[in-house]
Amino acid sequence: MTAIHGDSPWLRNFFPAPQAPVRLVCLAHAGGSASFYFPVARALSPRVEVLAVQYPGRQDRRGESALGDLEVLSERIVQALEPWTGKPYALFGHSMGAIVGFEAARRLQAAGQGPSRLFVSGRRAPSLDTAGEYQPVTDEEVLTEIARLDGTGRELLEDEETLRMILPALRADYGAVRRYRYRPGPALACPITAFTGDQDPKATAEQVRAWRAHTTSAFELNVLPGGHFFLVGEQRRVLSTVRRQLGSAVRPAVVS
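Residues numbered from 1 in each chain as written. Predicted model: local features only at pLDDT ≥ 70, side-chain atom pairs only at ≥ 80, totals over all residues. Heavy atoms only, no water.

Trainee: Just to check I follow, could you spell out the overall build of the protein for this structure?
Mentor: Within the protein, the regular secondary structure consists of nine helices and seven strands. Looking at the protein alone, contacts between residues at least 24 apart form 79% of all its contacts between residues at least 6 apart. Accessible surface computed for the protein: about 11,600 Å², of which carbon and sulfur atoms make up 51%. (Helix = DSSP H or I, 4+ residues; strand = E, 2+ residues; numbered from the N terminus. Contact = heavy atoms within 4.5 Å. Areas by Shrake-Rupley, 256 points an atom, 1.4 Å probe, with all protein chains shown as cover.)

In structure tokens, the structure reads:
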């Protein structure tokens, strides 16, 4: 993996494209890492420069403690992103990453550096009541949940060494999601594009449609075949939408 912006541990640029007119910052799901977005970076390069966020507590940052607070995590990401907001950029977050992206977008907007668009995937709107949403607590519940959602190959879950490496981050991430509470505030000024799978048990179409309330601009909902990790099988369709909408975001600058 390639670290960018000096020695910053937060961002990975698998396919550097400094001449690209727009950037896409990608944020992973609970237990996920920057490498989840390697195929996205490869597919979008060189027209879009993809920056994948590496959370603490996984892969090359395994020696650091995972952050158990999504708002603190978003604040750290905002600090890492500040040097990269000089050209149009968008945020793309899946599941937990959608909430982290939303909280980062709020902070960036307040600082006058807001994104051109927020892409959210596989996550209900943050303003919805989460009281009835199941969140695993024990290690066994966490492993059962990720196996149910098919986010990790079952063979990895049967490997004791692998489990020792991934469980601390998974435990911290699920705890952070469980503790997160939406704080009312100004809606985003940028458009929001939402994706979900038609069989996703954690994000129904109606729950994802509620993201509409979090923007004063345009909103688009895309329901695709699949479960919680529908975007793996539907990557081509998801990225087709991403390319089209990122092109719209930079077109005025290109014409001038």
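Trainee: Whenever I open this one, the nonpolar core confuses me. Can you help?
Mentor: Nonpolar side chains in soluble globular proteins tend to be buried together. Of all hydrophobic cores here, the largest spans 70 residues; its most connected members are Leu-24, Phe-92, Trp-211 and Val-242. Top element by residues in this core is helix α3 (residues 96–110). It accounts for eight residues. The contact partners of Trp-211, leaving out residues within four places of it in the chain, are Ala-98, Ile-99, Phe-102, Leu-118, Val-120, Arg-123, Arg-124, Ala-125, Pro-126, Ile-192 and Phe-219. (Core = buried A, V, L, I, M, F, W, Y, C linked by side-chain atoms within 4.5 Å. Buried < 20%, exposed > 50% of the residue type's maximum accessible area, 1.4 Å probe, protein only.)

Trainee: What is the right way to read the sheet that holds strand β4 (residues 89–94) from this model?
Mentor: Where strands meet in a sheet, backbone hydrogen bonds hold them as pairs that are either parallel or antiparallel. Pairing in this open sheet of seven strands is mixed, and the strands run β1-β3-β2-β4-β5-β6-β7 from one edge to the other. Pairing within the sheet leaves two strands with one partner each, and these edge strands are β1 (11–12) and β7 (219–224). The sheet strands contacting α3 are β2 (22–27), β4 and β5 (117–121), and the helix crosses β4 at an angle near 150°. (Pairing = 2+ DSSP bridges. Axes fitted to C-alpha atoms, helices over the stretch in contact; angles between N-to-C directions.)

Trainee: Any chance you could explain α3 here in plain terms?
Mentor: Every α-helical turn comprises 3.6 residues, leaving residues that sit three or four positions apart pointing alike. Along its 15 residues, α3 runs 22 Å from first to last C-alpha, staying within 8% of the 21 Å computed at 1.5 Å per residue. Most of α3 is tucked away: twelve of the 15 residues are buried. Listing the buried residues of α3 in full gives Met-96, Gly-97, Ala-98, Ile-99, Val-100, Gly-101, Phe-102, Glu-103, Ala-104, Ala-105, Arg-106 and Leu-108. Just past α3, the residue Gly-112 takes up positive phi, approximately 80°. (Expected span 1.5 Å × (residues − 1).)

Trainee: Can you walk me through the side chain of Glu-103 in this structure?
Mentor: By the element assignment, Glu-103 lies in helix α3. Using a relative accessible area of 3% as the deciding quantity, one classes Glu-103 as buried. In this structure the side chain of Glu-103 is engaged in a polar contact, spanning 2.8 Å, whose partner is the side chain of Arg-107. The contact partners of Glu-103, leaving out residues within four places of it in the chain, are Glu-71, Ser-74 and Tyr-180. (Polar contact = N/O pair within 3.5 Å; in protein donor to acceptor, adjacent residues only side chain to side chain.)

Trainee: I'm lost on unusual backbone geometry in this one. Help?
Mentor: The phi angle of most residues is negative, glycine excepted, and most peptide bonds adopt the trans form. Residue Ser-45 is joined to Pro-46 through a cis peptide bond whose omega torsion reads 5°. Phi angles above zero are rare outside glycine, and Gln-59 is one such case at about 50°. Locating Gln-59 in the fold gives a position in the loop between β3 (48–53) and α2 (70–81). Even without being a glycine, Ser-95 presents a positive backbone phi close to 55°. Looking at the element boundaries, Ser-95 is found in the loop between β4 and α3.

By themselves these figures say nothing about function.
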